[in-house]
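Given next are the chains, with one letter for each unit.
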Amino acid sequence: MSIPLGSADQILSDSFGRHARKLRISVTDRCNFRCNFCMPQDPEWMEDADLLTFEEITRVATVLARLGVTNIRLSGGEPLMRRGVEDLVGSLSRIPGIRAVGMTTNGALLKDRARVLKANGLHCVTLSIHSLKPERYHQITGTRDVFWRVMDGLQEARNAGFERVKVNCVVTRGCNEDEVQDFARLAHDAEVSVRFIEYMPFDGSKMWDSGLVVGGEEIIRSIEAHYPLLPLEREHGATARHYKFSDNSDGEVGIITSMTKPFCSDCDRIRLTADGKVVPCLFSKQEYDLKPALRGGSPDPELSDRIRRAFLLKDEGIERMLRDHVELKLVRPMHTIGG
Ligand code: SAM
Ligand code: SF4
């Protein structure tokens, strides 16, 4: 059964006329990695009792699907650290109106689970890989001996037949910007989509410095020195600008220019934290705690109404902050909000 996208009086709109179509769910704040640009030095984990159950997450997603959300992405922390997340994928992919469920993962636990995830309805998987040099990879991620496991996870994801397999790479100056062309070669030769992410200002790891941001334009220029690229039309609401190679490779590269050229004006995302807070934007201070309503017996129309009010709080976004010279700073650690 398919339900129509939210009708005009149902649709989830903010005060700037944007509509929510994509839901990012952080299923846990826990992580087996300690990436230097993401994880605070002394992380405080959420209590287990505060995490939404899979039934609660599915209920919120169902209410959001009725309000016009069509795509879901599971993130974390590390989503594969949440036991049974495969079952959650199954429940979410069966929600009427949901067209695609994706996952962003560090890939360390992916190899043995890729096929079950695919069988349960996961459409696409994104692996975050920030260096192709094992020693550097371990330094960035605060891990040991996992690089080849992650690469096996990438291979298995390609074999499992997902609609799309992507690689995310956060580029930081003086660390991995010398690998941009190696990543472009991976995209070209393995025919995957590699997206370069500009480093965003999360201060909790005590590493943030605006001088570490490598802009998307610089990244594209550096790739084009070796691989001629053709820009693709940007999809409405997409965070990335994509390019294909000018030869016949099916690979793609993309830049996520959150810092130098954010796409806030058609942003169509809404976020749900692992402990049940609806957050309208990565940078917004506002959040709305749905848990009391979920656990207090509120019926769906009331949940719907609360979500609607939370989404109305969505700020114009980073574009406005840059225009008004407001210092950008993430108010919540990345691992609690899903990146
Ligand atoms: N653990 C999973 C992973 O690493 O893919 C999912 C959660 S992680 C918070 C989601 C995405 O956010 C990853 O691609 C990660 O590289 C990105 N990320 C984390 N901190 C970032 C930062 N300070 N700036 C830009 N991207 C960041
Ligand atoms: Fe964990 Fe992902 Fe953050 Fe790295 S980026 S510490 S893998 S949540």
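Our structure's up above, just so we're on the same page.
Okay, so let's go over this structure. Think of each chain on its own: its residues are numbered from 1, step by step along the sequence as written. Each chain gets a letter, beginning with A, and each ligand a number, beginning with 1, in the order they are written. Residues qualify for local features only when their pLDDT is at least 70, as the model is predicted, and side-chain atom pairs are given and counted only at 80 or more; totals for whole chains, interfaces and linings, by contrast, use all residues. With hydrogens and water set aside, each side-chain value is computed from the structure's full complement of heavy atoms.

Points about the site of ligand 2
Step number 1: Only a single heavy atom is needed: when it lies within 4 Å of a molecule or strand, its residue is near that molecule or strand. Cys31, Phe33, Cys35, Cys38, Gly77 and Asn106 make up every residue found near ligand 2.
Step number 2: For the shell around ligand 2, the class distribution of residues is four nonpolar, two polar and no charged. Gly is put with the polar residues, along with every residue not named as nonpolar or charged; the nonpolar set is Ala, Val, Leu, Ile, Met, Phe, Trp, Tyr, Cys and Pro, and the charged set is Asp, Glu, Lys and Arg.

Regarding the nonpolar core
Step number 1: Leu74, Leu92, Phe196, Ile223, Val253, Ile270 and Ile307 are the most contacted members of the largest nonpolar core, which totals 104 residues.
Step number 2: The secondary structure listing takes helices from DSSP runs of H or I that are at least 4 residues long and strands from runs of E that are at least 2 residues long, numbered from the N terminus. Looking at this core element by element, the count peaks at seven residues for helix H1 (residues 54–66).
Step number 3: Every residue pair with non-hydrogen atoms within 4.5 Å of one another is taken to be in contact. With residues near it in sequence (within four places) discarded, Leu92 still touches Ile25, Ile57, Thr58, Ala61, Ile72, Leu74, Ile98 and Val101. Throughout, nonpolar core names a set of buried Ala, Val, Leu, Ile, Met, Phe, Trp, Tyr and Cys residues whose side chains join them through atoms within 4.5 Å. Three labels apply to residues, based on accessible area from a 1.4 Å probe with only protein chains included: buried if under 20% of the type maximum, exposed if over 50%, partly exposed otherwise in between.

Details of the packing of helix H6 (residues 180–190) against helix H7 (residues 216–224)
Step number 1: Only the stretch in contact is used when fitting a helix axis, every axis being a line fitted to C-alpha atoms; angles between N-to-C directions are given from 0 to 180 degrees. Close contact between H6 and H7 brings their axes to 9 Å; oriented N to C, the two are set at 70 degrees. By the criterion of interaxial angle, the relationship of H6 to H7 is roughly perpendicular. Crossing geometry of H6 relative to H7 is assigned as right-handed. Every residue of H7 that contacts H6 at Val180, Gln181 and Ala184 is listed here: Ile219, Ser222 and Ile223.
Step number 2: Taken together, the residues of the contact of H6 with H7 sort by class into four nonpolar, two polar and no charged. The scheme is simple: roughly parallel for angles under 35 degrees, roughly antiparallel for over 145, roughly perpendicular for 65 to 115, oblique for anything else. It is the rotation of the near helix from the far one that decides the hand of a crossing: anticlockwise by less than a right angle makes it left-handed, clockwise makes it right-handed.

Concerning the site of ligand 1
Step number 1: Neighbouring ligand 1 are 20 residues, the closest being Phe37, Gly77, Ser128, His130 and Met200.
Step number 2: A 3.5 Å cut-off defines polar contacts: any pair of N or O atoms within that distance qualifies, except that in protein one atom must be a possible hydrogen donor and the other a possible acceptor, and neighbouring residues in sequence count only when both atoms are side-chain atoms. The backbone of Phe37 places a nitrogen or oxygen atom 3.0 Å from a nitrogen atom of ligand 1.
Step number 3: Take Ser128: an N or O atom from its side chain is 2.6 Å from an oxygen atom of ligand 1.
Step number 4: Computed with a 1.4 Å probe, the accessible areas rest on the Shrake-Rupley method; for each residue, only the protein chains presented here act as cover. In the complex, 96% of the free accessible area of ligand 1, which totals 540 Å², lies under the protein chains.
Step number 5: Elements represented by at least two residues in the shell around ligand 1 include exactly strand S3 (100–105), strand S5 (164–171) and strand S6 (193–198).
Step number 6: Of the residues contributing to the shell around ligand 1, the split by class is seven nonpolar, 11 polar and two charged.

Some words on the side chain of Asp268
Step number 1: Examined against the element boundaries, Asp268 turns out to sit in the loop between strand S9 (252–256) and strand S10 (269–272).
Step number 2: The exposure class of Asp268 is buried, given its relative accessible area of 3%.

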